[in-house]
Amino acid sequence: GLPLNAGIFRTFADVVGASHNTATTLVSLPSDFATYIACAGFVGIGNTAAYGVSAIIHADGTSYTLTHLANPSGMTLSMSGSNVQATQTSGATLNVTFSIIRIQ
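One structure accompanies this document, and this report is about it. (Residues numbered from 1 in each chain as written. Predicted model: local features only at pLDDT ≥ 70, side-chain atom pairs only at ≥ 80, totals over all residues. Heavy atoms only, no water.)

1. A closer look at the sheet that holds strand β6 (residues 75-80)
Counted only if it meets this: Being paired, for any two strands, means DSSP has found at least two bridges between them. To qualify as a helix, a DSSP run of H or I must reach at least 4 residues; to qualify as a strand, a run of E must reach at least 2; elements of each kind are numbered from the N terminus. In this description, a line fitted to the C-alpha atoms serves as the axis of each element, helices being fitted only across the stretch in contact, and the angle between N-to-C directions of two axes falls anywhere from 0 to 180 degrees.
Taken together, the three strands give an open sheet; going across it, the order is β2-β7-β6, and neighbouring strands pair in antiparallel fashion. Both edges of this open sheet fall to β2 (24-28) and β6, since each of them pairs with a single strand only. Across the sheet, the mean angle separating the axes of adjacent strands is 25° when strand polarity is ignored. Both β6 and strand β7 (residues 83-88) contribute to a ladder of six bridges, which runs antiparallel. Each bridged residue has a counterpart across the sheet, and for S80 the counterpart in β7 is N83.

2. A few points about the packing of aromatic side chains
Think of a pair of aromatic rings as described by two things: how far the centres are apart, and how the planes are tilted against each other in angle. The test is simple: Each aromatic pair joins two rings of Phe, Tyr and Trp (for Trp, the six-membered one) with centres within 6.5 Å, and gets the label stacked for planes under 30 degrees apart, edge-to-face for over 60, and tilted for any other angle. The buried label goes to any residue with under 20% of its type's maximum accessible area, the exposed label to any with over 50%, and the partly exposed label to all in between, with areas taken from a 1.4 Å probe on protein chains only.
Tallied over the full model, the rule gives one aromatic pair. Look at F12 and Y36: their rings are 6.4 Å apart centre to centre, the planes differ by 50°, and that puts the pair in the tilted class. A residue pair is termed long-range when its members are at least 10 positions apart, and F12 in strand β1 (residues 10-18) and Y36 in strand β3 (residues 34-43) qualify at 24 residues. Residue F12 shares its accessibility class with Y36, and that shared class is buried.

As structure tokens, then:
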């Protein structure tokens, strides 16, 4: 197999409050070349369904592209500059839990 380089994997994880229909910054990615997998999700108020979304992010220092693996109703991930942002449409402010893992 291929040798593993020390320090190639880096994880960002936290919980942030995301307002209804407002893009909330989860993390600002470093400006070096990398590929990330981002996963974010929240649990709805009361007995409403939980939502989640995953995406692959390619960063080359000047441009960021994001490809959704799944984009259910309720949450989207997007890029604004180097910021990974989540937008949810539940109608309330919810806590979003996320993990963003550098894989390359």
